[in-house]
Amino acid sequence: MTRKTAGRPPVVENAAAGVASAALFLLSLWAPAVGFGLALMSPLPLAWAAWKRGPTAGLVALAVAGGAAVLVAGPAATALYVAQFGGPGVAFGFFEGARRPAHQVVGVYVFLAATGSAVAVTGLAWAGGTTPAAWLTATVAETRETLARLLEGSATDPATAAALAEGLDRTAELLRRLFPGLFVMVSVLTGWMNGVALRRMAKDPSAVPWIEWRAPAGWIWGLLAAGFAAVLGTGPVRTVGWNVFLVLAAVYFLQGIAVVQHLFVTRGFPVFVRALAYVIVFVQFPVMVLVAGIGAFDLWFDFRARWARTPQA
């Protein structure tokens, strides 16, 4: 679907979208502390191009972005960018333009990001003479050493230093075991965040509001089964259970966010109240769990109908 609008020529718009996407991604390499969050928004310019002028425009923008990334960061970083953010961003914009349900729009993004990254990592690992598992282990070890350097000096005595080292080792092992689930969970949140931003930019009155979205009913049984496997299982069963549980918990967290936003919109809460509420949600882990619980129990209680009976917009 192509949406023709007045303004700059399409070629210029597509190139600008590609440069903007590459710049957001490259900031994560130059300033990791701040740039990581901006890198998660790098699919947005490409999605905008694909939404506005169709998949061809999105692919042109992706080609520009990939060329810029190769020149600055090299082929390895560019391969990861295209696999994790670029290609999924183009597909994301196309599916949003086709007005697909939210779980399909985000699901396409997550599927392409996960499979593309797996292929890219496998290729990079083989090119480096190692295996994907060894690459993951090395990456986790590097992350552990980075955390150790950041915390260097915080231990005032040998006992504290030993406890800190033990905690970092446990964290590294947990990260290694839960890496697939954590990666997909972050991809789910990234897809949703970019989707909300694209909705605000696109302002398509024919699109179904995402605050009305709910996960397919059968998914709740997957969440419960994964939770039981994570708590009661052992060995690989427990590991798989935790990985699946993390992904589905993220889905129901987003459904909870949709319920909360529906309440804010239909009841006309001031913007500053909404902003404060979301800050609390994202900085307080117990509140995040509560929101995910709201999303899960919405299947049975239909909170939107109970709390906000008269939509305003």
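Right above here is the structure, for reference.
Residues numbered from 1 in each chain as written. Predicted model: local features only at pLDDT ≥ 70, side-chain atom pairs only at ≥ 80, totals over all residues. Heavy atoms only, no water.

Enquirer: Would you mind going over the overall build of the chain with me for this structure?
Expert: Looking only at helices and strands, the chain features 13 helices and zero strands. Secondary structure elements of the chain, listed N to C terminal, follow the sequence α-α-α-α-α-α-α-α-α-α-α-α-α. Computed over C-alpha atoms, the radius of gyration of the chain comes to 21 Å, within 12% of the 20 Å expected from 2.2 N^0.38 for 313 residues, which places it in the range of a compact globule. With the C-alpha coordinates aligned to their principal axes, the bounding extent of the chain is approximately 65 × 50 × 35 Å. Across the 313 residues in the chain, those meeting the buried criterion constitute 40%. Across the chain, the fraction of contacts at a sequence separation of at least 24, relative to all contacts at a separation of at least 6, is 74%. Approximately 16500 Å² of the chain is accessible, and the part contributed by carbon and sulfur atoms is 73%. (Helix = DSSP H or I, 4+ residues; strand = E, 2+ residues; numbered from the N terminus. Rg over C-alpha atoms; globule rule 2.2 N^0.38 Å. Buried < 20%, exposed > 50% of the residue type's maximum accessible area, 1.4 Å probe, protein only. Contact = heavy atoms within 4.5 Å. Areas by Shrake-Rupley, 256 points an atom, 1.4 Å probe, with all protein chains shown as cover.)

Enquirer: I keep staring at the environment of A163 and nothing clicks. Help me out?
Expert: Along the polypeptide, A163 turns up in helix 8 (residues 158-202). Judged by relative accessible area, A163 falls into the partly exposed class, the value being 48%. For the pair formed by A163 and A69, sequence separation is 94 residues and the distance between their alpha carbons is 41 Å.

Enquirer: Please explain the packing of helix 1 (residues 10-30) against helix 3 (residues 43-53) as it appears in this structure.
Expert: In helix packing, the relevant descriptors are the interaxial angle and the interaxial distance, both defined with respect to the helix axes. Axis separation between helix 1 and helix 3 bottoms out at 8 Å; the angle between their running directions is 155°. It follows that helix 1 is roughly antiparallel to helix 3 by the angle criterion. Each of P10, E13, N14, A17, G18, A20, S21 and L24 in helix 1 lies in contact with helix 3, whose residues at this interface are P45, L46, A49, K52 and R53. Each residue belonging to the contact of helix 1 with helix 3 can be placed in one class, and the counts come to seven nonpolar, three polar and three charged. (Axes fitted to C-alpha atoms, helices over the stretch in contact; angles between N-to-C directions. Parallel < 35°, antiparallel > 145°, perpendicular 65-115°, else oblique. Nonpolar A, V, L, I, M, F, W, Y, C, P; charged D, E, K, R; others polar.)

Enquirer: Is there a simple way to think about a nonpolar patch on the surface in this case?
Expert: On the surface, W221, L224, F228, V231, L232, F297, L299, W300 and F301 cluster together into a nonpolar patch covering about 1000 Å² of accessible area. Listing elements by their share of the nonpolar patch, those giving two or more residues are helix 9 (219-232) and helix 12 (285-301). Among the elements that make up the nonpolar patch, the one with the highest residue count is helix 9 (five residues). Turning to its location among the elements, V231 is positioned in helix 9. Take V231: its relative accessible area is 57%, and that puts it in the exposed class. (Patch = residues over 30% accessible without salt bridge, like charges linked within 9 Å, V, L, I, M, F, W, Y side chains within 5 Å. Salt bridge = Lys/Arg side-chain N within 4 Å of Asp/Glu carboxyl O.)

Enquirer: Please explain empty space enclosed by the protein as it appears in this structure.
Expert: Empty space among the atoms becomes visible once a probe the size of a water molecule is rolled across them. Following the criterion strictly, the structure yields one cavity of 30 Å³ or more and no others. Of the pockets and cavities examined, the largest cavity occupies roughly 40 Å³. As for the largest cavity, its lining consists of R214, A215, P216, A217, Y252, Q255 and L299. Partitioning the lining of the largest cavity into residue classes produces five nonpolar, one polar and one charged. (1 Å grid on protein atoms, 1.4 Å probe; cavity = no way out; pocket = protein on both sides within 12 Å on 5 of 7 lines; lining within 4 Å. Points joined across faces, edges and corners; volume = space filled by probe spheres on them.)

Enquirer: What is the right way to read the layout of surface pockets from this model?
Expert: Estimated volume of the largest pocket: approximately 1700 Å³. Residue lining of the largest pocket: 48 residues in total, with Q84, W135, T139, F179 and F183 positioned closest to the centre. Looking at the lining of the largest pocket, the elements that each hand over two or more residues are helix 1, helix 2 (32-39), helix 5 (75-97), helix 6 (102-127), helix 7 (132-150) and helix 8. If you tally residues by element for the lining of the largest pocket, the top one is helix 8, at 16 residues. Across the lining of the largest pocket, the residue classes tally to 34 nonpolar, eleven polar and three charged. Around the second largest pocket, the lining is made up of 28 residues, and of these V196, R200, W210, I211 and Q261 lie nearest the centre. Contributing elements (two or more residues each) for the lining of the second largest pocket: helix 8, helix 10 (235-267) and helix 11 (271-283).

Enquirer: Is there a simple way to explain helix 12 in this structure?
Expert: Residues spaced three or four apart along an α-helix face the same direction, because each turn holds 3.6 residues. The first and last C-alpha atoms of helix 12 sit 23 Å apart over 17 residues, in line with the 24 Å expected at 1.5 Å per residue. The principal kink in helix 12, of about 30°, is found at G295. What helix 12 keeps buried is the set V291, A292, I294, G295, A296 and D298. In this structure, the buried side of helix 12 is in contact with helix 9, helix 10, helix 11 and helix 13 (303-307). Of the residues one or two after helix 12, D302 is the one with positive phi, at around 45°. (Expected span 1.5 Å × (residues − 1). Bend = angle between axes of the 7 residues up to and from the residue.)

Enquirer: Even after reading the chapter, I still don't get the pattern of salt bridges, so can you show me in this structure?
Expert: Side-chain pairing between opposite charges can occur once the charged atoms of the two side chains come close. Under the counting rule described, the total for this entry stands at eleven salt bridges. R176 is paired through a salt bridge with E173; the nearest N and O atoms lie 2.7 Å apart. Of this pair, R176 and E173 both sit in helix 8, three residues apart, which is roughly one turn of that helix. Here the salt bridges share partners, and the residues they tie into one network are R214, D298, D302 and R304.

Enquirer: Looking at this structure, how should I read unusual backbone geometry?
Expert: Trans is the common state for peptide bonds, and a negative phi is the common state for residues other than glycine. Here R99, not a glycine, exhibits a phi torsion of approximately 60°, which is positive. Relative to the assigned elements, R99 resides in the loop between helix 5 and helix 6. What makes R99 partly exposed here is its relative accessible area of 35%.

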